[in-house]
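Coordinate inspection notes
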Amino acid sequence: CDQIVFNSEGVAQNDLDCLLIGFGRIGQAVLDQLLCHGQFYGSKFHATIFALDCQQVQGRLETENSMLLKNYDLRSYSCDARSKDMYNYLREHKDSLNYIVIAAGSDKKNEELSRELMHHLTHLNKKISIYLCSYQGVTEIKSGELPVFTPLYCKEVLWSNTLDRKAMLLNHCYCGDNGKTKEKNWDE
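Residues numbered from 1 in each chain as written. Predicted model: local features only at pLDDT ≥ 70, side-chain atom pairs only at ≥ 80, totals over all residues. Heavy atoms only, no water.

Moving on, we come to the overall build of the protein. Counting secondary structure elements, the protein contains nine helices and seven strands. The buried share of the protein, reckoned over its 188 residues, is 40%. The contacts of the protein with a sequence gap of at least 6 include a subset with a gap of at least 24, amounting to 61%. Looking at the protein as shown, the accessible area adds up to about 11300 Å², and 51% of this sits on carbon and sulfur atoms. (Helix = DSSP H or I, 4+ residues; strand = E, 2+ residues; numbered from the N terminus. Buried < 20%, exposed > 50% of the residue type's maximum accessible area, 1.4 Å probe, protein only. Contact = heavy atoms within 4.5 Å. Areas by Shrake-Rupley, 256 points an atom, 1.4 Å probe, with all protein chains shown as cover.)

Next comes the structure, spelled out in structure tokens:
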């Protein structure tokens, strides 16, 4: 929700354009969650995957979720995240890209890739948060700031009043004009 701007009616004012680096178990789990929670009324969802073995490991995605591939803008490249193709992609999509996830398989590789990406984004004069995902949790790295570690499913994330209020407003928007309050729609 923090990457999308909503108007007072709960309608998204911009799209979510994600770059996902790595497509092992964590990368696939992240994509599953992004697909479930990244599409909002008024916006479009785009995701691009860069992983050396992307074509070999996306069989489950293609067979179990074939309709997702037809209805969402999902692209995949079997390239290393340090490849020329990847950096060309960044340059070409710097104005639309607003969400980067690195799930390269190890904390060390995630951190290495994030430093390289952050340096390149600075060169492109683009500020964007990068999320490093592993079994230990999620680390958010913002331009010019120290990394912030957030454990997965911690109470601060699960019980956040801010997220609850946003979710309630978005749910109310999806329910349409049914004559009920946002609180009643949320309860139901």
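Right, let's get into the packing of aromatic side chains. Summed over all chains, the structure comprises five aromatic pairs. An angle of 10 degrees between the planes, with centres 4.7 Å apart, marks the rings of Phe 50 and Tyr 77 as stacked. In this pair, Phe 50 is assigned in strand β2 (residues 45–50) and Tyr 77 in strand β3 (residues 73–77), connecting sequence segments 27 residues apart. On the numbers, 4.9 Å between centres and 25 degrees between planes, the contact of Tyr 99 with Tyr 131 is stacked. With Tyr 99 in strand β4 (residues 99–102) and Tyr 131 in strand β5 (residues 130–134), this residue pair connects regions lying 32 residues apart in the sequence. An aromatic cluster is defined as three or more aromatic residues linked by ring pairs; in this entry it consists of Phe 50, Tyr 77 and Tyr 89. (Phe/Tyr/Trp six-rings, centres within 6.5 Å; stacked < 30°, edge-to-face > 60°.)

Chain-level statistics for the protein give a pLDDT mean of 83 and a share of 80% at 70 or above. Here helix α7 (residues 155–158) is the element of the protein with the lowest mean pLDDT, 52, and helix α5 (residues 84–93) is the one with the highest, 95. (pLDDT = per-residue confidence, 0-100.)

For Cys 79, the location among the structural elements is in the loop between β3 and α5. The spatial distance from the C-alpha of Cys 79 to the C-alpha of Gly 22 is 9.9 Å, given a sequence separation of 57 residues. What Cys 79 contacts, discounting residues up to four positions off in sequence, is Phe 50, Ala 51, Leu 52 and Asp 85.

On to helix α6 (residues 107–123). In a regular helix each residue adds 1.5 Å, so 17 residues correspond to 24 Å; α6 covers 24 Å between its end C-alpha atoms and thus fits that length. Buried residues of α6: Asn 110, Leu 113, Ser 114, Leu 117, Met 118, His 120 and Leu 121, and no others. With its buried residues spanning 165 degrees around the axis, α6 presents them on a single face. Pointing more than 90 degrees away from the buried face of α6 are the exposed residues Lys 108, Arg 115, His 119, Thr 122 and His 123. Packing partners of the buried residues in α6 comprise β1 (16–21), α5, β4, β5 and β6 (137–141). Following α6 by one or two positions, Asn 125 adopts a phi angle in the positive range, close to 60 degrees. (Expected span 1.5 Å × (residues − 1). Arc of directions from axis to C-beta.)

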